[in-house]
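# Summary of structural features
Spelled out, the chains give:
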Amino acid sequence: MNKKKKIDIVTWSVIGLAVVSVGVLIYTKLGKNSKNKLGNKLTNFKKKLIDVTNSEWEYWDYGKTKETASSMYSRLKDYWSNVGWSENRWTPTSEPWSAAFISYVMKKAGAGNDFVYNASHSKYIRDAIKNRKENNSKPFKAYRLSEQQAAPELGDLVCYSRESKTDLYDRTSGYKSHCDIVVNKTVDSIDVIGGNVGHTVQKKTYQLNSDGTVKKTGKLFAVIKNSKV
């Protein structure tokens, strides 16, 4: 074998090794169930909302610290103050604070007047349903879980009923419910974070159908799409 062929073999071997190394690195970072934001073009608001929500989860030690911890009282006070509740209206365990949590992260992220801050999830859910039915220009619109438009992306909200009735979409009066914010998405699942889940701020996972919609689980009934910039 002449010298030139030896050099060519060595050169292509080095190139081949580099390609393989890059491929391994990409696979390691993405993996089969990539936690990257697949197909999501995040607005500035969505980026901020996800950052704030993840920060709250971290503040609660990733769900390890409970609402009864004395260190959490001031944070709960912040949540309740955000929806206009004074300290004489609640204790750490007397009232569900999940809607106050959502209202807090929304306001902190800069939702402004586009979001209805309230101690009840149904208040902002019904407002988002109204926006959808009116087809107005407001950025928060709620869809039935099975609708193609309801396929969740990062920064959207996934909502379920806390009553015996599972489909609350068309109810115009108040009801018991819960929503979580989508903070991560893979090809076949989403991660969501919500407040007062297991008496803390907690993350959980929902599986997706092949068309990208959320698989019907328990009393899930709606997805609030978030198009705020």
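Relevant structure appears above.
In this text, all values refer to a predicted model and were calculated from it rather than measured experimentally.

It is worth spelling out the packing of helix α3 (residues 73-82) against helix α4 (residues 98-109) at this point. Where α3 meets α4, the closest approach of the two axes is 8 Å, and the angle between their N-to-C directions is 80°. Taken together, the axis directions place α3 and α4 in an arrangement best described as roughly perpendicular. In this structure, α3 contributes Arg 75, Asp 78, Tyr 79, Trp 80 and Asn 82 to the contact, and α4 contributes Ala 100, Phe 101, Ser 103, Tyr 104 and Lys 107. Of the residues assigned to the contact of α3 with α4, the class counts are five nonpolar, two polar and three charged.

The next thing to look at is the pattern of salt bridges. Following the criterion strictly, the structure yields 14 salt bridges and no others. The shortest N-O distance in the salt bridge between Arg 75 and Glu 56 comes to 2.9 Å. With Arg 75 in helix α3 and Glu 56 in helix α2 (residues 44-59), this residue pair connects regions lying 19 residues apart in the sequence. Owing to a relative accessible area of 13%, Arg 75 belongs among the buried residues under this scheme. For Glu 56, a relative accessible area of 2% puts it in the buried group. We note a salt bridge from Lys 77 to Glu 87, for which the minimum N-O separation is 3.3 Å.

To continue, consider the environment of Val 52. Locating Val 52 in the fold gives a position in helix α2. Note: C-alpha distance between Val 52 and Val 105 (53 residues apart in sequence) is 6.2 Å. Setting aside its immediate chain neighbours within four residues, Val 52 contacts Val 105, Lys 108 and Ala 109.

The next subject is the environment of His 199. For His 199, the position within the fold is in the loop between β4 (189-194) and β5 (202-207). The spatial distance from the C-alpha of His 199 to the C-alpha of Trp 97 is 9.3 Å, given a sequence separation of 102 residues. Excluding residues that lie within four positions of it along the chain, His 199 makes contacts with Trp 60, Thr 65, Lys 66, Glu 67 and Trp 97.

Analysis parameters
Residues numbered from 1 in each chain as written. Predicted model: local features only at pLDDT ≥ 70, side-chain atom pairs only at ≥ 80, totals over all residues. Heavy atoms only, no water. Axes fitted to C-alpha atoms, helices over the stretch in contact; angles between N-to-C directions. Helix = DSSP H or I, 4+ residues; strand = E, 2+ residues; numbered from the N terminus. Parallel < 35°, antiparallel > 145°, perpendicular 65-115°, else oblique. Contact = heavy atoms within 4.5 Å. Nonpolar A, V, L, I, M, F, W, Y, C, P; charged D, E, K, R; others polar. Salt bridge = Lys/Arg side-chain N within 4 Å of Asp/Glu carboxyl O. Buried < 20%, exposed > 50% of the residue type's maximum accessible area, 1.4 Å probe, protein only.

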